[in-house]
Amino acid sequence: MTFVQLIDCKTSRFDEMNQLMDTWAQQTKGKRTATHNLIGKDRSDASHFIEIVEFPSYEEAMRNSNRPETDTIFQEMVALCDEMPTFTDLDVVRDEQLYAGNARRFFETLATEGELPPLNDLLAEDYHDHDPANVTDTIGLDAMRREIEMYRLGFDLEFTIDDQITEGDRVCTRWTFNADHNGGFMGIPATGKQVTMTGATIFRFQEDGKIVEGWWQNDRLGLMAQLGALDQLES
């Protein structure tokens, strides 16, 4: 079950507080288990701030709280507050936007520059992928990472989210893939061509917001045609 912690504080030194949060993020990079962080300012009181931190579970939040870096930052945060901050622990019992947002974040993550992130905050370890373009299903987080890397090695890509429909634990996302073919892909050397592919993906989510199963429909045949892979067959 997703867990949320609310931190309610008053400070006239928000810029310093913000800098402190950046320091904490840097010190705990790759270690933090939080999946979403949001800070809001009270419209009627400019010194009143509420931070909302989301975790996959209460246990993950406690692991994060017990890190030595967290305790050090907490002491520094208290020193910047005008009064002692308060903490509210919440088990999320309903969040209709969570699944759609995580589906969107998955596609955004695929197109990030540099090394592919671990994806363990988005995909379950036993993730099961159904893609009719593949001979067998892709099962497991590591196997899915390899599938994604195949595309990332072949293309400098970006995704546009055209539409999303949510029902229960499933989100259907209609997307457009735009890319430059600057690397080898399925035996086809880099062509430098700009290509486009459209498709739709249905993701099934588990309670903590991670994707546990996916079904893909896309125009891979059209993509291969743009890369010239069908020319020999047609001649």
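Anything mentioned here points back to the structure above.
On a predicted model such as this, the values are computed, not experimentally measured, just so you know.

**Q** I would appreciate a short explanation of the sheet that holds strand β1 (residues 3-10) in the present structure.
**A** Whenever strands of a sheet pair, they do so through backbone hydrogen bonds, lying parallel or antiparallel. The strand order across the open sheet built from four strands is β2-β3-β1-β4, with neighbouring strands paired in antiparallel fashion. The sheet is open, and its two edges are formed by β2 (36-41) and β4 (86-91), each paired on a single side. Here the average twist between neighbouring strands, direction ignored, is 15 degrees. Note: β1 against strand β3 (residues 48-55), eight bridges, orientation antiparallel.

**Q** Please explain helix α4 (residues 98-110) as it appears in this structure.
**A** Working note: α-helix, 3.6 residues per turn, so residues spaced by three or four point in the same direction. Its 13 residues place the ends of α4 19 Å apart at the C-alpha level, agreeing with the 18 Å of an ideal helix rising 1.5 Å per residue. Residues Leu98, Tyr99, Ala100, Asn102, Ala103, Phe106, Phe107, Thr109 and Leu110 constitute the buried set of α4.

**Q** Can you help me understand the packing of aromatic side chains in this one?
**A** To describe a pair of aromatic rings, one takes the distance between the centres and the angle between the planes. According to the stated counting rule, one finds 21 aromatic pairs in the structure shown. Judged by centre distance (6.2 Å) and plane angle (40 degrees), the ring pair of Phe107 and Trp175 falls under tilted. Residue Phe107 is located in helix α4, and its partner Trp175 is located in strand β8 (residues 170-181); the two are separated by 68 residues in the primary sequence. Each member of the aromatic cluster is reached from another via a ring pair, and the members are Phe106, Phe107, Tyr151, Phe155, Phe159, Trp175, Phe177, Phe185, Phe203 and Trp216.

**Q** What exactly am I supposed to notice about the sheet that holds strand β7 (residues 155-167) here?
**A** Strand order in the open sheet made by the six strands is β6-β5-β10-β9-β8-β7, with mixed pairing throughout. Each edge of the sheet is formed by a strand with only one pairing partner; in this case those strands are β6 (138-139) and β7. Relative to strand β10 (residues 211-218), strand β9 (residues 194-205) runs antiparallel, the two being bridged by seven bridges. By the bridge assignment for β10, Arg204 is matched with Glu213. The strands that α4 touches are β5 (123-130), β7, β8, β9 and β10; relative to β7, the one it contacts most, it runs at about 170 degrees.

**Q** Please explain the nonpolar core as it appears in this structure.
**A** Generally speaking, nonpolar side chains in soluble globular proteins are found buried as a group. By size, the foremost hydrophobic cluster in this structure holds 35 residues, and its most contacted members are Phe106, Phe155, Phe177 and Phe203. Looking at this core, the elements with two or more residues in it are α4, β5, α5 (141-154), β7, β8, β9, β10 and α6 (220-226). Tallying contributions element by element places α4 first for this core, with seven residues. Setting aside residues no more than four positions away along its own chain, Phe155 makes contact with Phe177, Ala179, Asp180, His181, Phe185, Val195, Leu223 and Leu227. Counting residues in hydrophobic clusters, the runner-up holds 15 residues, among them Ile7, Val53, Phe55 and Cys81.

**Q** Even after reading the chapter, I still don't get unusual backbone geometry, so can you show me in this structure?
**A** Backbone phi values are negative for most residues with the exception of glycine, while trans is the configuration of most peptide bonds. A positive phi angle, close to 70 degrees, is found at Leu119, a residue other than glycine. Relative to the helices and strands, Leu119 resides in the loop between α4 and β5.

**Q** I tried to follow the side chain of Asp131 on my own but got confused; where do I start?
**A** Structurally, Asp131 can be placed in the loop between β5 and β6. Polar side-chain contacts of Asp131 include one of 3.0 Å to the backbone nitrogen of Ala133. Ignoring any residue separated from it by four or fewer positions in sequence, one finds Asp131 in contact with Trp216, Asn218 and Arg220.

**Q** Mind showing me how you'd approach the pairing of β10 here?
**A** Across a regular strand the side chains alternate sides, sitting on one face of the sheet and then on the other. Strand direction decides the pairing type here: β5 and β10, joined by four bridges, are parallel. Each bridged residue has a counterpart across the sheet, and for Asp129 the counterpart in β10 is Gly214. The antiparallel pairing of β9 with β10 creates a hairpin that spans five residues between the two strands, and Gly209 there sits at a positive phi of about 90 degrees.

**Q** Would you take a moment to explain the environment of Arg43 for this structure?
**A** Position of Arg43 among the secondary structure elements: in the loop between β2 and β3. Classification of Arg43 as exposed rests on a relative accessible area of 88%. Distance in space between the C-alpha atoms of Arg43 and Glu69 is 31 Å, their sequence separation being 26 residues.

**Q** Which parts of the structure should I look at to understand the side chain of Arg152?
**A** Tracing the backbone through its elements, the reader meets Arg152 in helix α5. Classification of Arg152 by relative accessible area gives buried; the value is 15%. A distance of 2.8 Å separates the side chain of Arg152 from the backbone oxygen of Thr112, its partner in a polar contact. At 2.4 Å, the side chain of Arg152 and the backbone oxygen of Gly114 are in polar contact. The residues contacting Arg152, other than those within four sequence positions of it, are Thr109, Leu110, Ala111, Thr112, Gly114, Glu115, Leu116 and Leu157.

The rules we used
- Residues numbered from 1 in each chain as written.
- Predicted model: local features only at pLDDT ≥ 70, side-chain atom pairs only at ≥ 80, totals over all residues.
- Heavy atoms only, no water.
- Pairing = 2+ DSSP bridges.
- Helix = DSSP H or I, 4+ residues; strand = E, 2+ residues; numbered from the N terminus.
- Axes fitted to C-alpha atoms, helices over the stretch in contact; angles between N-to-C directions.
- Expected span 1.5 Å × (residues − 1).
- Buried < 20%, exposed > 50% of the residue type's maximum accessible area, 1.4 Å probe, protein only.
- Phe/Tyr/Trp six-rings, centres within 6.5 Å; stacked < 30°, edge-to-face > 60°.
- Contact = heavy atoms within 4.5 Å.
- Core = buried A, V, L, I, M, F, W, Y, C linked by side-chain atoms within 4.5 Å.
- Polar contact = N/O pair within 3.5 Å; in protein donor to acceptor, adjacent residues only side chain to side chain.

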